[in-house]
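Next come the chains, spelled out residue by residue.
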Amino acid sequence: MKTSNPVLSRLGQAAGRERAAGYAQPGPYAQPGYPQQPYPTGYGYPAAPPTVTPMTLDDVVVKTVTLLGILGVVAAATWAVLPDELLGLAWIGGAVVGLVLGLIISFSRMANPALVIAYSVVEGVFLGAVSKTFNTLYEGIVLQAVVATFGVFFLMAMLYKSRVIRATPKFAKIMIAMMGGLFAVMLINLVLALFGVNTHLRDGSPLAIGFSLVCIVVASLSFVLDFANIEDGVRMGLPQRYSWTAAFGIVVGLIWLYLEVLRLLSYLQGDD
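Heads up: these notes are all about the structure in this document. (Residues numbered from 1 in each chain as written. Predicted model: local features only at pLDDT ≥ 70, side-chain atom pairs only at ≥ 80, totals over all residues. Heavy atoms only, no water.)

1. Concerning the overall build of the protein chain
A count of helices and strands for the protein chain gives eight helices and zero strands. When the elements of the protein chain are put in sequence order from the N terminus, they spell out α-α-α-α-α-α-α-α. As displayed, the protein chain has an accessible area near 14600 Å², and 71% of this comes from carbon and sulfur atoms. (Helix = DSSP H or I, 4+ residues; strand = E, 2+ residues; numbered from the N terminus. Areas by Shrake-Rupley, 256 points an atom, 1.4 Å probe, with all protein chains shown as cover.)

Right under this line is the structure:
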C-alpha cells in the first residue's frame, strides 16, 4: 500500500530488504529442499548474526509521544524565552532548517533517531515562534488549534480502527493525486507571492477559507494511509529502529494539520 506521506512510503520497501537481516540463517550443511536449521554456533562456527527485533505498534506510539513531547517542550520554551523581535528570525530559520532535515530524513535509507529528534527540536522552535505570533494577534487561537488538531487525529484513528474508512488502492491513488496537487498549488502560490502577486489563497478571503478547508480535509484523510502503512510494516516485521521513521511521519502530518487549522481559525477571527 502506498501512502501520501513520503516518509512512511519507504517502510514497506525497508521491510522487504531488512526483515530477515538478523534472523536465523541456514546452516553450512543445509541441503536444497530440506527445512532450514538454526544458525549453528560454538566451536568451529562463526558467531550467529544478531537477532533483529521487529517493531510493534507500541514502539511507534511511544516514539510518537516522545517526539511530540520534545516538540512541545521546545515550543513552550521558545514562546517563553524568545524576544518578540526575534520571532521572525526563528520562524524563517526554523522553517528552512526543518525542511532540510525533513528532506534528509525522508530520503535517507536508514532510520536515524538523532536526526529525527533534531527535527523535533527545530520544529519546536518554528512552531513556538509561529504560535506566539498568531496568539498575539488572536488570543486563545493556539489552544483552539491544538485541541482541534489532536481531536481530528484521534477521530481518524478511531475511524480507521473501526474500518469506517479503508485505505483501498483507489482511495490511495485519489489521496496521492490530491496531495500532489495541493503541494504544487502551494508552491506556485509561494513563488507568485514573492513577486507580489496575490492569488487570494492565503489572505483570509472566502477563497482562502475554502482552500484551507480542503487542505485540512486532505491532511486528515492522509492519516488513514499512514496508519495502514505502519500496520503493514508491523505485520511484515520491519526492524524496530524504523519506529522512529514511522513516528516522524506522523509528526510531520500533525504539524501540517496544526498549521492549516491555525490559519483557518485566524481567517474566521479576523483579517490575516
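2. So, the packing of helix H3 (residues 87-107) against helix H4 (residues 113-137)
Two elements in contact, H3 and H4, have axes separated by 8 Å at closest approach and are oriented at 150 degrees. The pairing of H3 with H4 is recorded here as roughly antiparallel in orientation. For the element pair H3 and H4, the recorded crossing hand is left-handed. Tallied by class, the residues present in the contact of H3 with H4 amount to 18 nonpolar, four polar and two charged. (Axes fitted to C-alpha atoms, helices over the stretch in contact; angles between N-to-C directions. Parallel < 35°, antiparallel > 145°, perpendicular 65-115°, else oblique. Left-handed = near helix turned anticlockwise from the far one by under 90°. Nonpolar A, V, L, I, M, F, W, Y, C, P; charged D, E, K, R; others polar.)

3. Quick word on helix H8 (residues 242-269)
Its 28 residues place the ends of H8 41 Å apart at the C-alpha level, agreeing with the 40 Å of an ideal helix rising 1.5 Å per residue. Burial of H8 is extensive: 23 of the 28 residues sit out of reach of the surface. (Expected span 1.5 Å × (residues − 1). Buried < 20%, exposed > 50% of the residue type's maximum accessible area, 1.4 Å probe, protein only.)

4. A short note on the packing of aromatic side chains
This model, assessed by the stated rule, comprises nine aromatic pairs. Aromatic pair Phe183 and Trp256: ring centres 5.5 Å apart, planes at 35 degrees, arrangement tilted. One end of the pair, Phe183, is in helix H6 (residues 169-194); the other, Trp256, is in helix H8, with 73 residues separating them in the sequence. Here Trp256 falls in the buried class, since its relative accessible area comes to 14%. Sitting over the ring of Tyr160, Arg163 keeps its end group 4.7 Å from the ring centre. (Phe/Tyr/Trp six-rings, centres within 6.5 Å; stacked < 30°, edge-to-face > 60°. Lys NZ or Arg CZ within 6 Å of the ring centre and 35° of its normal.)

5. A closer look at a nonpolar patch on the surface
A cluster of nonpolar side chains, namely Leu187, Ile188, Leu190, Val191, Leu192, Leu194, Phe195 and Val197, defines an oily patch on the protein surface of about 810 Å² accessible area. Take Val191: it is sitting in helix H6. Of the residues examined, Val191 reaches a relative accessible area of 38% and is grouped as partly exposed. (Patch = residues over 30% accessible without salt bridge, like charges linked within 9 Å, V, L, I, M, F, W, Y side chains within 5 Å. Salt bridge = Lys/Arg side-chain N within 4 Å of Asp/Glu carboxyl O.)

6. Some words on the layout of surface pockets
Each pocket or cavity is described by its volume, and for the second largest pocket that value is around 570 Å³. In this structure, the second largest pocket is lined by 19 residues; those nearest its centre are Leu57, Val61, Phe153, Ala157 and Phe227. Of all the secondary structure elements, the ones that give two or more residues to the lining of the second largest pocket are helix H2 (57-81), helix H5 (141-161), helix H7 (206-235) and H8. Looking at the lining of the second largest pocket, the element that brings in the most residues is H5, giving seven residues. Residues of the lining of the second largest pocket, tallied by class, amount to 16 nonpolar, one polar and two charged. (1 Å grid on protein atoms, 1.4 Å probe; cavity = no way out; pocket = protein on both sides within 12 Å on 5 of 7 lines; lining within 4 Å. Points joined across faces, edges and corners; volume = space filled by probe spheres on them.)

7. Description of the nonpolar core
Residues Ile141, Phe223, Val224, Phe227, Ile250, Trp256 and Leu262 are the most contacted members of the largest nonpolar core, which totals 58 residues. Breaking this core down by element, the ones donating at least two residues are H2, H3, H4, H5, H6, H7 and H8. Take this core: its biggest share by element is 16 residues, from H8. Dropping the residues within four chain positions of it, Val224 is found in contact with Met156, Tyr160, Ile165, Arg166, Ala167 and Phe171. (Core = buried A, V, L, I, M, F, W, Y, C linked by side-chain atoms within 4.5 Å. Contact = heavy atoms within 4.5 Å.)

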